[in-house]
Amino acid sequence: MRRSVARSLIRPLALAAAMTVIPLVNATPVAADSVVVGGFPIDVSQAPWTVALSSRDRFGGTRAGQFCGGVAVARTTVLTAAHCLGEDVLGAPPSRMRDLKVIAGRTDLLSAEGQEIPVRDARINPGYDSETHAGDFAVITLAKELPQSAVVPMASAGDPAYTPGTEALVSGWGDTSGAGAYPRTLHAARVRVLADDLCTRAYPGGPDGTYRADSMLCAGEPAGGPDACQGDSGGPLVAAGRLVGLVSWGSGCGRPGNPGVYTRVSDVVRGLGAASGSQKRPQARP
Ligand code: ARG
């Protein structure tokens, strides 16, 4: 009884939160003739590091509470976007969320495949700038270990995987149409790492965000087409077997001249190194 009352209050709030977060990252409405986000369904075994962030209390159970993506970078460490864990999205700080979970090893959100692991700790990058979206990452510690096979290594600064032209795969449960078609199953799109130039020109500063090459990565296809979209945020962009980006923002989805903008993972690696003080950090490989 009490629970259903709470739910009927929470649902519309969660919806309102979702409505307010989408314009933040997608200020321009998707035009009717916009290119369809050119992805394809995959099985989670093809990108086992891809996880879903979930809160059924906040977002309802129709898609297992999925509201963002994430990526496993160690057996108990998941990276996501800072903007996924904002109070405007969750309605409370992540530490106050009772049912914040990471769903791993699952292709179909409504299946029982894989596992749902409670979040033990969530830290939003204190340097995150919600105006430009610079530093858009957060670090989640899981209450239980994932299998090592679900972990993807991070690409440090200088890794050749950041070279423009490199093929990369982005995966998530986000919008597949640019018009609010949220799938039940995991999808992926093949994109390329693009030159910073393209994003600097596309996003010189404006309501959608400002491209900052030191902390962001530009990816997509110059002619538009395959791209991440709403609901994919926090999820992985993997090139040459290493994590190079986290889905962060863009203007529309898959539009020519408006590439996807990702959190540059080498900047996260740097941030994690600084946070853990003198701990040994992975060296950039030539
Ligand atoms: N900010 C969106 C999210 O919260 C991701 C948008 C990515 N957009 C893009 N065109 N790549 O899910």
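Reading guide: rules and limits
Residues numbered from 1 in each chain as written. Predicted model: local features only at pLDDT ≥ 70, side-chain atom pairs only at ≥ 80, totals over all residues. Heavy atoms only, no water. Helix = DSSP H or I, 4+ residues; strand = E, 2+ residues; numbered from the N terminus. Buried < 20%, exposed > 50% of the residue type's maximum accessible area, 1.4 Å probe, protein only. Areas by Shrake-Rupley, 256 points an atom, 1.4 Å probe, with all protein chains shown as cover. Disulfide = S-S within 2.5 Å. Pairing = 2+ DSSP bridges. Salt bridge = Lys/Arg side-chain N within 4 Å of Asp/Glu carboxyl O. Axes fitted to C-alpha atoms, helices over the stretch in contact; angles between N-to-C directions. Core = buried A, V, L, I, M, F, W, Y, C linked by side-chain atoms within 4.5 Å. Contact = heavy atoms within 4.5 Å. Polar contact = N/O pair within 3.5 Å; in protein donor to acceptor, adjacent residues only side chain to side chain. Near = heavy atom within 4 Å.

Participant: What is the right way to look at the overall build of the protein chain in this model?
Facilitator: Broken down by element type, the protein chain carries five helices and 13 strands. Burial statistics for the protein chain: of 286 residues in total, 52% are counted as buried. Only carbon and sulfur atoms are counted for the fraction: they give 56% of the accessible area of the protein chain, which is about 12,700 Å².

Participant: What am I meant to see in the state of the cysteines here?
Facilitator: Disulfide: a covalent bond connecting the sulfur atoms of a pair of cysteines. Scanning the entire structure with this criterion turns up three disulfides. A sulfur-sulfur distance of 2.0 Å marks the disulfide that ties C68 to C84. Note on the C68 and C84 pair: the S-S dihedral is about -85°, so by sign convention the disulfide is left-handed. Linking C68 in strand β3 (residues 66–74) with C84 in the loop between β4 (77–80) and α3 (87–90), this pair joins segments that are 16 residues apart in sequence. What makes C84 buried here is its relative accessible area of 1%. The partner cysteine of C199 in its disulfide is C218, sulfur to sulfur 2.1 Å. Because the torsion about its S-S bond is 80°, the bridge between C199 and C218 counts as right-handed. Here C199, found in helix α4 (residues 196–202), pairs with C218, found in strand β10 (residues 216–220); they are 19 residues apart in sequence, far enough to count as distant. For the residue pair C199 and C218, the accessibility class agrees, reading buried in each case.

Participant: Is there a simple way to explain the pairing of strand β5 (residues 101–104) in this structure?
Facilitator: Consecutive side chains of a regular strand alternate in pointing toward one face of the sheet and then the other. In terms of strand pairing, strand β2 (residues 50–54) meets β5 through three bridges, oriented antiparallel. Counterpart to A52 in the pairing with β5 is I103. In the sheet, β5 pairs with strand β6 (residues 115–124) via four bridges, with the strands oriented antiparallel. From the neighbouring strand, V102 faces β6, where its bridge partner is I117.

Participant: Help me out: how do you make sense of the pattern of salt bridges in this one?
Facilitator: As a working rule, side chains carrying opposite charge can pair if their charged atoms are close by. The tally for this structure, following the rule as stated, stands at 11 salt bridges. A salt bridge links E116 to K101; its shortest N-O distance comes to 3.7 Å. Highlighted residues: E116 in strand β6 and K101 in strand β5, separated in sequence by 15 residues. Residue D121 is joined to R123 by a salt bridge in which the shortest nitrogen-to-oxygen separation is 2.7 Å. On the basis of relative accessible area, R123 is assigned to the exposed category, the value being 56%. Here the salt bridges do not stand alone but share partners, grouping R56, K101, R106 and E116 into one network.

Participant: Explain the sheet that holds β3 to me, please; I cannot follow it from the model alone.
Facilitator: The strand order β2-β3-β4-β7-β6-β5 describes a closed barrel built from six strands, whose pairing is antiparallel. Taking the axes of each pair of neighbouring strands and ignoring which way they run, one obtains an average angle of 40° across the sheet.

Participant: I keep staring at the nonpolar core and nothing clicks. Help me out?
Facilitator: Most often, soluble globular proteins have nonpolar side chains that are buried together. Of all hydrophobic cores here, the largest spans 39 residues; its most connected members are L79, L237, L243, V244 and Y262. At the level of secondary structure, the elements contributing two or more residues to this core comprise β3, β8 (167–172), β9 (187–193), β10, β11 (236–239), β12 (242–249) and α5 (265–275). Setting aside its immediate chain neighbours within four residues, Y262 contacts V170, S215, M216, L217, A219, D227, A228, L237, G245, L246, V247 and S248. With 22 residues, the next largest nonpolar core counts A92, A104, I140 and A150 among its residues.

Participant: What am I meant to see in the environment of A52 here?
Facilitator: Note that A52 resides in strand β2. Residues A52 and Q66 lie 14 residues apart in sequence; the distance between their C-alpha atoms is 6.0 Å. In this view, A52 contacts Q66, C68, K101, V102, I103, L109 and W173; residues no more than four positions away in its chain are not counted.

Participant: Even after reading the chapter, I still don't get the side chain of H83, so can you show me in this structure?
Facilitator: Tracing the backbone through its elements, the reader meets H83 in the loop between β4 and α3. Within the structure, the side chain of H83 is placed 2.7 Å from the side chain of D136, a separation counted as a polar contact.

Participant: When you look at the site of the ligand in this model, what are you seeing that I'm missing?
Facilitator: In the vicinity of the ligand there are 16 residues, among which H83, D227, G231, S233 and G252 approach most closely. A distance of 2.8 Å separates a nitrogen atom of the ligand from a polar side-chain atom of D227. Residue D232 places a main-chain N or O atom 3.4 Å away from an oxygen atom belonging to the ligand. Considering the ligand on its own, with 350 Å² of exposed area, one finds that the protein chains cover 96% of that surface. In terms of residue count, the dominant contributor to the shell around the ligand is β12 (three residues).

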